[in-house]
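# Per-entry structural report
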Amino acid sequence: MFNKPISTLGGVQLPPIVRTVVPIIAFFIGLQAFAMSTPPFIMPSVVDIGARYLAIWVTNPDAVVSTFLRIVIGLSLAFVVGNTSGMAMGMSPVTREYGETFVKFLTGIPGLSWVLIAVLWFSNVEFRIVFVLFMVLFPWYTLSTMDAVRGIPQDYKDMVKSFRFTRSEFTRKLIIPYILPDVVSVSKSNIGYAARIVVVAELVGATAGIGRELLVAQSKFNVVDIFAWTFVLVTMMLSLQGLLLIVERTRLDWRDTE
């Protein structure tokens, strides 16, 4: 399944990895071309950025791990609470009537506001950052799951009920498989949101993390470090996206991937 060709070039079948690698190579070629036409303090060489990128993983892994764990914990909490509340709201009209407006209200609060609120409310830095991630991300899980549950055809529900399943079996055999594509889809977006939010949260009060390192690099006008740390963050996000891709290819292999 993972080796299934998905594109061709001149009649020759290309493996899936090509679609990922070629755009990245093209991006860095363009970046290097831009660097050659501008001063180093505006756009440093890709070679310099690459050397610093590799050095970060060796000399400062603590900052990378700190940010990664914050993202994973925040995403995990938002995933569990958001999907649970979304299923409850999708299955219960009363719960949806009272909860939907509140959740939609939360989606209107920007991440920066949650950062400032967290600074005023909590003294623990780790709790602040996880709180901000949770408050920004869980409403999107809730709304997406709620809409997915409401979209289950009534015929499917009647068919499953004819087997006299318990509520837990009904959830496990119908609801979860049906909403999984929507959950995967919103998770892809939330991973990107989490990366942006955690950097902003780490700028305020964190003593370790990629956001903190970007702030230090900016204060020193170190453009190489800014790009290197940014690419480290992108690498982390791509690794999480890769895990989602595995879930998508294994649990949603019935979908057309051409």
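Shown above is the structure to which this text applies.
Residues numbered from 1 in each chain as written. Predicted model: local features only at pLDDT ≥ 70, side-chain atom pairs only at ≥ 80, totals over all residues. Heavy atoms only, no water.

### Concerning the packing of helix 3 (residues 61–91) against helix 4 (residues 93–107)
Using the following cut-off: Axis lines are fitted to C-alpha atoms, over the contacting stretch for helices. Their N-to-C directions set the angle, which ranges from 0 to 180 degrees. Helix numbering and strand numbering both begin at the N terminus, where a helix is a DSSP run of H or I of at least 4 residues and a strand a DSSP run of E of at least 2. The cut-offs work like this: below 35 degrees is roughly parallel, past 145 is roughly antiparallel, 65 to 115 is roughly perpendicular, and the gaps in between are oblique. Two residues qualify as a contact provided that any one of their heavy atoms is within 4.5 Å of a heavy atom in the partner residue. In this count, Pro and Cys sit with the nonpolar residues alongside Ala, Val, Leu, Ile, Met, Phe, Trp and Tyr, while Asp, Glu, Lys and Arg are called charged and the others, Gly among them, polar.
Packing of helix 3 against helix 4 brings their axes to within 6 Å, and their N-to-C directions diverge by 130 degrees. When the axis of helix 3 is compared with that of helix 4, the two are oblique. Counting all contacts with helix 3, which are made through Ala88, Met89, Gly90 and Met91, the residues of helix 4 involved are Pro93, Thr95, Arg96, Gly99, Glu100 and Val103. When grouped by side-chain class, the residues that make up the contact of helix 3 with helix 4 number 5 nonpolar, 3 polar and 2 charged.

### Topic: empty space enclosed by the protein
Note the following rule: Using protein atoms alone on a 1 Å grid, points that fit a 1.4 Å probe yet trap it form a cavity, whereas open point sets bounded by protein on both sides within 12 Å along at least five of seven lines form a pocket; residues with an atom within 4 Å of a point count as lining. Grid points are joined across faces, edges and corners, and a volume is the space filled by probe spheres set on the points.
Per the stated rule, a full pass over the model turns up 1 cavity of 30 Å³ or more. As a volume, the largest cavity reaches approximately 40 Å³. Forming the walls of the largest cavity are Val115, Ala118, Val119, Arg128, Ile129, Val132, Ala201 and Val204. Of all the elements in the fold, those that place two or more residues in the lining of the largest cavity are helix 5 (111–121) and helix 6 (125–150). Here the lining of the largest cavity is composed, by residue class, of 7 nonpolar, no polar and 1 charged.

### What about the layout of surface pockets?
In this model, the second largest pocket occupies a volume close to 460 Å³. Where the lining of the second largest pocket is concerned, the elements lending two or more residues are helix 3, helix 8 (167–203) and helix 10 (223–251). The greatest single-element share of the lining of the second largest pocket, amounting to 8 residues, is contributed by helix 3. Among the residues forming the lining of the second largest pocket, the class breakdown is 16 nonpolar, 4 polar and no charged.

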